[in-house]
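Structure assessment
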Amino acid sequence: MHAYRTHRCGDLRLSHVGETVKLSGWINRKRDHGGVLFIDLRDTYGVTQCVVDEGSPLLAHAEQWRNESVITIVGKVRARPGESANTKLPTGEIEVYIDEADVQSAADVIPFQVAEDDGAGEDLRLKYRYLDLRREKMQKKIRLRNEVTASIRRRMIEQEFQEFQTPILTASSPEGARDYLVPSRLHPGKFYALPQAPQQFKQMLMISGFDKYFQIAPCFRDEDGRADRLAEFYQLDVEMSFVTQEDIFNTVQPVIEGMFEEFSDFTGTKHKIEWLPHLRYEDAMLKYGSDKPDLRNPLEIVDVSDVFARDDVEFKAFKGVISKGGVVRAIRAPKVSDRPRSFFDKLNNWAQSEGAPGLGYISFSEGEGKGPIAKFVPEAAQIQLKESAGLEDGDAVFFICDQKSKAEKMAGLARDAICDAMGNREKNIYKFCWVVDFPMYEFDETTQKIDFSHNPFSMPQGGMDDLENKDPLGVYAYQYDCVCNGFELASGAIRNHKPEIMAKAFGIAGYGKDVLEKEFGGMLNAMRYGAPPHGGCAFGLDRMIMLLADEPNLREVYAFVMNGQYEDQLMNAPSDITPEQLKDLHIKLNVPKEIKTEKAA
RNA sequence: GCGGGCGUAGUUCAGUUGGUUUAGAACGCCGCCCUGUCACGGCGGAGGUCGCGGGUUCAAGUCCCGUCGCUCGCGCCA
């Protein structure tokens, strides 16, 4: 007989009755009835009820075993007597009568419960992650993660993609997020950087002629965290040669859609999958106030600046902003005019908590406009408003007035707040959409300069011609995002594979040829020896799993993960290192004093 | 860097307008009882610097200030 087990804890059925078996696992729960003791033995495959009774010399020992101890038992499988079968368990028709038992590892009193969700805080769960991971819910999510990556690999390979690994120790690159840096021992004063993404490597693989690349790539970015952002994360990274933007969509969309379809009932509720028509970036910003709109929210934003600019409208709060170049955006909330005053007040309070002066509105009932602002908008203007916003009797309309970019953003937030207040966000559906035609450049208010708005390697639409002849802020890029339920799932572009267009594009953003050569010389050189037109995208693997598992944050879909401050309480990272290590790396610390003393105290 | 929320037993939480000798509950833990449970049940017990520091007050878990920790967001993140 095997040293530890003949079967797994989810294996045994009525057909095994009479067999002598050996099982190993964790004590999930005990039920001690004095003369008879039930032990639920658990492994990742299931739970089997094991029994000791007064006839056994083991009884006195077994009563002492604590939950979560690891034991090995040998015993006979028998049918549960009488009515005592448990239909909730796959193994519920049998039990194992324990003849021999070994305690492989006794457990101390555990800091939180494994067999049930006792609501333990996240900091504790992360500190004792190995216990947290024993819980059924975590086992399921980690299994989901495994199955999702396997499914993606299978689907990509079926489409003739080749999987690559690319360097983890690489060069710092100037654009984008802050890099994680690794000091070099062999090269004093020099540093490697961990890749923010394998961007340049995958492009060079295209230049190398591989045609269809993918990688489930670790990426590292040293910026502050969010529920959907971590220091290290994984992307399904994709790149293809000789393709247009639509070719890329048509290739990756079935992979993502098929994978989502495969796991869309993970939560126990089947989710529909819907892929909406492409959305232009500018339209997204106007209609939804976001470049990653949640399209389960049916509300749309319209511009009604014209209405409030009319001479017969006397609402000074808005007029003042409009005269300084501002805009008024409106959100129609259908059939809410009969809601109590508190409905509108709550939204107003919400807007103030977001730093807005308030959230003005007019509600229409019995053909009449009502609400605090209505008296400033005469009937003729109300008619124009109704037409612009598609208002019907019984509707209300909310207003946001500010300078364009601020108004867009606030309207986007208000759109979600109103939707939630109304309770009409669509459920049990994944609504996907490609957001396309991102602007190549944007005006940076803080530096008062034109800069790349997304990836500087993107190909400008219209190529050299547009760069030379158009207002830079009017140049679009072949740059796109894939959006699902309010998350940016992917970002991608057709790349700029022509060095001369690259030079021009960087020049417009204020980077000279010397800078370009210094920072991206390797990439530029590669383009000079025959570069195919190419493009790709990268999907946030963790965000996709988070959506499928219906979890509110990324940390829930990793086995091991840092907390919100990017500290790992389990492994104690980041940590101090020895003076010898620092010396090897030619590094002297220069830590601000107050930080030192805080940490010491 | 900034803002919101939270911090009371091992865990999750309650704790009224500041006011009664010993700050409660559930789960967990320890002891005793119980032969058919499966969230077993019953009786009993241990367990607290109310995050920390200061202040107001006759009196602070409760009010004020500071600070630390966790969390969500803003900035940041092509």
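Bear in mind the structure is a predicted one, so any value in this text is a computation, not a measurement. (Residues numbered from 1 in each chain as written. Chains lettered and ligands numbered in written order. Predicted model: local features only at pLDDT ≥ 70, side-chain atom pairs only at ≥ 80, totals over all residues. Heavy atoms only, no water.)

1. Some details on the overall build of chain A
Selection criterion: Strands here mean DSSP runs of E at least two residues long; helices mean DSSP runs of H or I at least four residues long; both are numbered from the N terminus. Partly exposed describes any residue whose relative accessible area lies between the buried limit of under 20% and the exposed limit of over 50%, with all areas from a 1.4 Å probe on protein chains only and scaled to the type maximum. Should any heavy atoms of two residues lie within 4.5 Å, those residues are counted as being in contact. The convention is simple: Lys and Arg are positive, Asp and Glu are negative, and His and the chain ends are not counted. For the purpose of locating charges, the reference atoms are NZ of Lys, CZ of Arg, CG of Asp and CD of Glu.
From N to C terminus, chain A includes 18 helices and 22 strands. Judged by the C-alpha coordinates and their principal axes, chain A covers about 95 × 75 × 55 Å. Classification of the 601 residues of chain A by burial places 47% in the buried group. Relative to all contacts within chain A whose residues are 6 or more apart in sequence, the contacts with residues 24 or more apart total 69%. In chain A, which carries 75 positive and 95 negative side-chain charges, the distance between the mean positions of the two groups comes to 2 Å.

2. Structural notes on the sheet that holds strand 14 (residues 360-365)
Rule in force here: Any two strands with at least two DSSP-identified bridges between them are counted as paired. Every axis corresponds to a line fitted to the C-alpha atoms, with the helix fit spanning only the stretch in contact, and the corresponding angles, defined between N-to-C directions, vary from 0 to 180 degrees.
Overall, antiparallel pairing links the 5 strands, which are arranged 12-13-16-14-15 in an open sheet. Only two strands of the sheet have a single partner each, and these edge strands are strand 12 (301-303) and strand 15 (368-370). Shown here is a sheet whose adjacent strand axes are inclined to one another by a mean of 30°, direction ignored. Two elements, strand 14 and strand 16 (residues 396-402), share 4 bridges in a ladder whose sense is antiparallel. Across the sheet, G360 pairs through a bridge with F399, a residue of strand 16. Sheet strands in contact with helix 10 (residues 341-353) are strand 14 and strand 16, and its direction is about 20° off that of strand 16. Sheet strands in contact with helix 12 (residues 404-422) are strand 12, strand 13 (327-333) and strand 16, and its direction is about 15° off that of strand 13.

3. Observations concerning the packing of helix 5 (residues 199-207) against helix 15 (residues 513-527)
When two helices pack together, their arrangement is given by the angle between the helix axes and by the axis-to-axis distance. Counted only if it meets this: Angle categories: roughly parallel below 35 degrees, roughly antiparallel above 145, roughly perpendicular from 65 to 115, and oblique for all the rest. Each crossing is labelled by how the near helix is turned from the far one, with a counterclockwise turn of less than a right angle marking it left-handed and a clockwise turn marking it right-handed. Three residue categories are used. Nonpolar comprises Ala, Val, Leu, Ile, Met, Phe, Trp, Tyr, Cys and Pro, charged comprises Asp, Glu, Lys and Arg, and polar comprises the others, including Gly.
One way to put it is that helix 5 packs onto helix 15 with a least axis distance of 10 Å and a crossing angle of 15°. Our classification of the angle between helix 5 and helix 15 gives roughly parallel. Helix 15 is crossed by helix 5, and the crossing has left-handed handedness. Contact residues: helix 5 offers Q200, Q203, M204 and I207, while helix 15 offers F520, M523, A526 and M527. Looking at the contact of helix 5 with helix 15 residue by residue, the classes come out as 6 nonpolar, 2 polar and no charged.

4. Considerations on the side chain of S264
Under the convention used in this document: Pairing of N or O atoms within 3.5 Å defines a polar contact, subject to two protein rules: one partner must be a possible hydrogen donor and the other a possible acceptor, and residues neighboring in sequence count only if both atoms are side-chain atoms.
Among the structural elements, S264 can be located in the loop between helix 6 (245-263) and strand 11 (272-280). Only 3.1 Å separates the side chain of S264 from the backbone oxygen of E261, close enough to count as a polar contact. A distance of 3.0 Å separates polar atoms of two side chains, one belonging to S264 and the other to K270. Contacts of S264, omitting those with residues within four sequence positions, involve T269, K270, H271, I273, Y430 and L548.

5. Considerations on the pattern of salt bridges
Just so we agree on the cut-off: Only one rule defines a salt bridge in this text: a Lys or Arg side-chain nitrogen within 4 Å of an Asp or Glu carboxyl oxygen.
Under the defined criterion, the tally for this structure stands at 43 salt bridges. Between E551 and K141 there is a salt bridge; the shortest N-O distance is 2.9 Å. Here K141 lies in helix 4 (residues 136-158) and E551 lies in the loop between helix 16 (541-549) and helix 17 (579-584), a separation of 410 residues in the sequence. With relative accessibility at 11%, the residue E551 sits in the buried group.

6. Considering the environment of L124
Of note, L124 is situated in helix 2 (residues 122-127). Of the residues examined, L124 reaches a relative accessible area of 32% and is grouped as partly exposed. A sequence separation of 462 residues divides L124 from H586, and the C-alpha atoms of the two residues are 37 Å apart. Excluding its chain neighbours within four sequence positions, the residues that come into contact with L124 are P111 and F112.

7. Some points on the nonpolar core
Where we set the bar: Remark: nonpolar core denotes a set of buried residues (Ala, Val, Leu, Ile, Met, Phe, Trp, Tyr, Cys) joined through side-chain atoms within 4.5 Å.
If you look at the biggest cluster of nonpolar residues, it comprises 73 residues, and the most contacted ones within it are V148, I152, F260, F432, W434, F539 and M544. No other element matches the 8 residues that helix 6 contributes to this core. If near-sequence neighbours (up to four positions away) are discounted, M544 is found in contact with I152, I256, M259, F260, L489 and F539. One finds L299, A407, A417 and M422 within the second-largest nonpolar core, a separate group that totals 24 residues.

8. Quick look at the protein's contact with RNA strand B
Using the following cut-off: Neighbouring residues are identified by heavy atoms, a residue being near a molecule or strand if any of them is within 4 Å of it.
Around RNA strand B, a shell composed of 51 residues is seen, among which D32, S84, K409, H454 and R555 lie nearest. In RNA strand B, the atoms that sit within 4 Å of the protein are 54% sugar and phosphate, with bases accounting for the remainder. One of the side-chain nitrogen or oxygen atoms of H33 is found 3.3 Å away from a sugar or linking oxygen of RNA strand B. Here A227 contributes a backbone N or O atom positioned 2.9 Å from a phosphate oxygen of RNA strand B. When residues of the surface near RNA strand B are traced back to their parent elements, those giving at least two are strand 1 (20-32), strand 2 (36-43) and helix 2. At 3 residues, strand 1 tops the list of elements feeding residues into the surface near RNA strand B. Residue composition of the surface near RNA strand B, grouped by class: 12 nonpolar, 19 polar and 20 charged.

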